[in-house]
Amino acid sequence: KQWYQRRVAITAGEVIKGYEMAGEKCLEILETLCCHTVKDIKNREAVMPVIKTSVASKQDGYEDFLSELIADACLSIMPTKRTFNVDNVRTCKILGAGVLSSSHLQGMVFRRTIESDITSIRDAKIAIFSCPFDIGTTETKGTVLIKNAEELKSFSVDEEKLIENQVKNLADAGITCVVSGGKVGDMMMHFANKFNIMVVRLMSKWDLRRLCKSVSGTALPNLTVPSAEETGFCSVVQLEEVGDTTVVVFRQEREETAMSTIIIRGSTDNIMDDIERAIDDGVNSVKVLSRDQRCLPGAGATEIELAKQLMSFGQQTPGMEQYAIKKFAEAFEVFPKVLAENTGLKANEVLANMYNAHQDNISGINAGINLESDYCEVMDVVERGVYDLYLTKFWAIKFAVNAATTVLVVDQIIMAKQAGGPKPRKGQADADDD
């Protein structure tokens with residue numbers, strides 16, 4: 001930056017003004033480049049091309065399979081009245097098999113086992129407790145004086161009756177499944193099995209909150225019988241084995257649910273981590289699409305068109321700001337260069353071919369890199385269905401300009417500050433300082 005400023009004798013203030021002018025012009029051009037609009041966001045075939053572009057950058061070869069999986073998971077929980085929440089699409093990584101064995105279900109999956117003997121329930125009414133599923137203890141220590149065996153027997157019987165009444169009250173209310181956020185007592189477990197109540201233990205409070213959302217229930221702090229509004233409902237709760245891993249599945253069979261889970265399979269942990277990152281990108285693409293359905297041409301086509309039009313704008317701009325605008329335009333060439341180099345193509349040749357194709361202001365606007373070709377060819381990205389999200393590029397450019405201008409302003413403030421260290425103390429020096 002300093003070398004360029006010395007060469008053309010441009011000040012930091014002129015660079016800042018040039019960047020701001022280029023940023024505003026860039027956002028104006030961006031609106032004219034929109035080439036596609038997703039008309040129905042709940043249409044699986046309309047959403048998939050947008051997801052495929054973001055997934056293919058991380059998992060080339062699996063983009064078709066993963067985009068279908070992500071589309072199914074997102075559209076099954078797509079709300080009608082509120083915004084889409086990416087936290088409602090969960091992932092569960094289970095080692096074994098291959099990536100193509102991954103699946104999606106409506107509901108939640110936990111890598112845990114069931115505490116009770118009952119392992120499967122249909123049309124379950126669920127009571128959720130954030131406390132341990134055990135008999136309550138007093139806050140202070142209490143002493144019970146037992147003088148003989150009969151008193152000891154009666155004390156144990158009274159405790160058993162209390163526990164039995166608690167579990168029986170749950171069974172009488174129609175509860176068939178209990179989810180606890182703490183430990184499960186042995187006596188509670190005995191009577192739960194007696195009254196055919198399934199018991200599941202979840203130690204994470206976040207998992208407990210997500211399950212409440214999935215089954216439309218409320219987590220209770222005490223072992224009381226839940227009301228009809230506090231009781232959760234699930235179509236199927238069962239213990240399953242996926243590979244050699246035991247999981248508890250809360251599956252919803254109704255059309256619209258609050259949560260969905262993608263079960264990721266893979267031969268190694270690293271592969272599953274990469275797949276999880278790709279799925280995260282795809283889900284976030286659906287969220288952006290739910291806010292703004294406009295799309296731009298992908299594969300570097302948008303960046304080259306911006307660079308071309310900004311370069312022309314810089315040449316028409318009087319004053320020293322034109323140099324900053326031209327450098328701003330050159331920065332967009334990084335995107336197609338990186339794409340070409342990652343594919344093994346010659347970056348300079350790709351840039352030359354793309355600039356040549358973009359000279360046609362009608363059909364050349366949508367010309368992008370053909371990454372599947374062994375040669376430096378360009379293609380019509382709209383015909384191939386390669387789209388980028390408008391909102392993503394809009395905010396990326398806006399934040400980049402803001403960051404660059406902020407750095408330059410701070411640099412000016414630092415340079416304007418008086419140099420030198422701390423001033424010497426007034427008065428005679430102390431002999432102890434030596």
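Residues numbered from 1 in each chain as written. Predicted model: local features only at pLDDT ≥ 70, side-chain atom pairs only at ≥ 80, totals over all residues. Heavy atoms only, no water.

## Details of unusual backbone geometry
We apply this condition: Helix and strand definitions follow DSSP, with helices as H or I runs of at least four residues and strands as E runs of at least two, each counted in order from the N terminus. Each residue gets one of three labels from its accessible area relative to the maximum for its type: buried under 20%, exposed over 50%, partly exposed in between, using a 1.4 Å probe on protein chains only.
The phi dihedral of Asn-196 falls on the positive side, at around 55°, and the residue is not glycine. Along the chain, Asn-196 falls in the loop between helix H6 (186–194) and strand E6 (198–201). Residue Ser-216 is not a glycine yet carries a positive backbone phi of 60°. Along the polypeptide, Ser-216 turns up in the loop between helix H7 (205–215) and strand E7 (219–220). For Ser-216, a relative accessible area of 48% translates into the label partly exposed.

## What to know about the packing of helix H2 (residues 12–32) against helix H9 (residues 301–316)
Note the following rule: Only the stretch in contact is used when fitting a helix axis, every axis being a line fitted to C-alpha atoms; angles between N-to-C directions are given from 0 to 180 degrees. Working definition: roughly parallel below 35 degrees, roughly antiparallel above 145 degrees, roughly perpendicular at 65 to 115 degrees, and oblique for all remaining angles. By the definition used in this description, the sense in which the near helix is turned from the far one sets the handedness, with an anticlockwise turn below a right angle giving left-handed and a clockwise turn giving right-handed. We call two residues in contact when some of their heavy atoms are within 4.5 Å. Only Asp, Glu, Lys and Arg are considered charged in this grouping, and only Ala, Val, Leu, Ile, Met, Phe, Trp, Tyr, Cys and Pro are considered nonpolar; every other residue, Gly among them, is considered polar.
Put simply, H2 and H9 touch, their axes get as near as 10 Å, and they point 130° apart. Here H2 lies oblique to H9, going by the angle between them. Crossing angle aside, the handedness with which H2 passes H9 is right-handed. Facing H2, whose interface residues are Met-21, Ala-22, Lys-25, Cys-26, Ile-29 and Leu-30, H9 presents Thr-302, Leu-306, Gln-309, Leu-310 and Phe-313. When the residues that make up the contact of H2 with H9 are grouped by side-chain class, the tally is eight nonpolar, two polar and one charged.

## Brief notes about the pattern of salt bridges
Just so we agree on the cut-off: Take a side-chain nitrogen of Lys or Arg and a carboxyl oxygen of Asp or Glu: if they are within 4 Å of each other, that pair is a salt bridge.
By the definition in use, this model includes 21 salt bridges. Across the salt bridge formed by Glu-305 and Lys-308, the nearest N and O atoms sit 3.5 Å from each other. Remark: Lys-308 and Glu-305 occur in helix H9; sequence separation between them is three residues, near one turn of the helix. For the residue pair Glu-305 and Lys-308, the accessibility class agrees, reading buried in each case.

## Brief notes about the environment of Ile-262
Inspection of the secondary structure puts Ile-262 in strand E10 (residues 260–266). Residues Ile-262 and Glu-276, 14 residues apart in the sequence, show an inter-C-alpha distance of 9.4 Å. Here Ile-262 is in contact with Leu-69, Ile-70, Ala-73, Val-89, Arg-90, Thr-91, Cys-92, Ser-103, His-104 and Ile-279, once residues within four sequence places are set aside.

## Remarks on the pairing of strand E5 (residues 177–180)
Which entries qualify depends on this criterion: Two strands form a pair only when DSSP identifies at least two bridges running between them. If the strands point away from the viewer and the path from the first strand over the helix to the second runs clockwise, then the crossover is right-handed.
Covered by surrounding structure in E5 are Cys-177 and Val-179 together with Val-178 and Ser-180, the residues of both alternating faces. By the bridge criterion, four bridges tie strand E4 (residues 120–129) to E5 in an arrangement that is parallel. Paired with Ile-128 across the strands is Val-179, a residue of E5. By the bridge criterion, four bridges tie E5 to E6 in an arrangement that is parallel. Within E6, the position partnered with Val-178 by the bridge is Val-199. Since E5 and E6 lie parallel, the crossover through H6 that links them has a hand, and here it is right-handed.

## A look at a negative patch on the surface
We apply this condition: Patch members must show over 30% relative accessible area and no salt bridge, and they are joined within 9 Å when carrying like charges or within 5 Å when they are nonpolar side chains of Val, Leu, Ile, Met, Phe, Trp or Tyr. Methods summary: accessible areas were calculated by the Shrake-Rupley approach with a probe of 1.4 Å, and residue burial reflects only the protein chains presented. Residues scored as charged are limited to Lys and Arg (positive) and Asp and Glu (negative), so that His and the chain ends carry no count. By convention, the charge on Lys lies at NZ, on Arg at CZ, on Asp at CG and on Glu at CD.
Residues Glu-20, Glu-24, Glu-28 and Glu-31 make up a contiguous surface patch of negative charge. Its location among the elements puts Glu-28 in helix H2.

## Here we look at H6
Because an α-helix completes one turn every 3.6 residues, residues spaced three or four positions apart along the sequence face the same direction. What H6 keeps buried is the set Met-188, Met-189, Phe-191 and Ala-192. Asn-196, located one to two residues past H6, shows a positive phi value of around 55°.

## A look at the side chain of Lys-308
You can call Lys-308 buried: its relative accessible area is 17%. Sequence-distant contacts of Lys-308, that is, excluding residues within four places in its chain, are made with Tyr-355, His-358, Gln-359 and Asn-361.

## Topic: the confidence of the model for the protein
Counted only if it meets this: Each residue carries a pLDDT value, the predictor's own confidence for that position, ranging from 0 to 100.
The pLDDT averaged across the protein works out to 82; a share of 89% of its residues lies at or above 70. The lowest-confidence element of the protein is helix H1 (residues 2–8), averaging 49 in pLDDT; the highest-confidence one is E5, averaging 91.

## Things to note about the side chain of Arg-265
Keep this limit in mind: Under the rule applied, a polar contact is a pair of N or O atoms within 3.5 Å (in protein, one hydrogen donor and one hydrogen acceptor; residues adjacent in sequence only if both atoms are side-chain atoms).
Looking at the secondary structure, you find Arg-265 in strand E10. At 6.2 Å, Asp-244 is the nearest oppositely charged side chain to Arg-265, a buried residue that forms no salt bridge. A polar side-chain atom of Arg-265 sits 3.0 Å from the main-chain carbonyl oxygen of Ile-94. At a separation of 3.3 Å, a polar atom in the side chain of Arg-265 contacts the main-chain carbonyl oxygen of Gly-96. Each residue touching Arg-265, except ones within four places of it in the same chain, is listed here: Ile-94, Leu-95, Gly-96, Ala-97, Gly-98, Val-99, Ser-101, Ser-102, Val-242, Gly-243 and Met-272.

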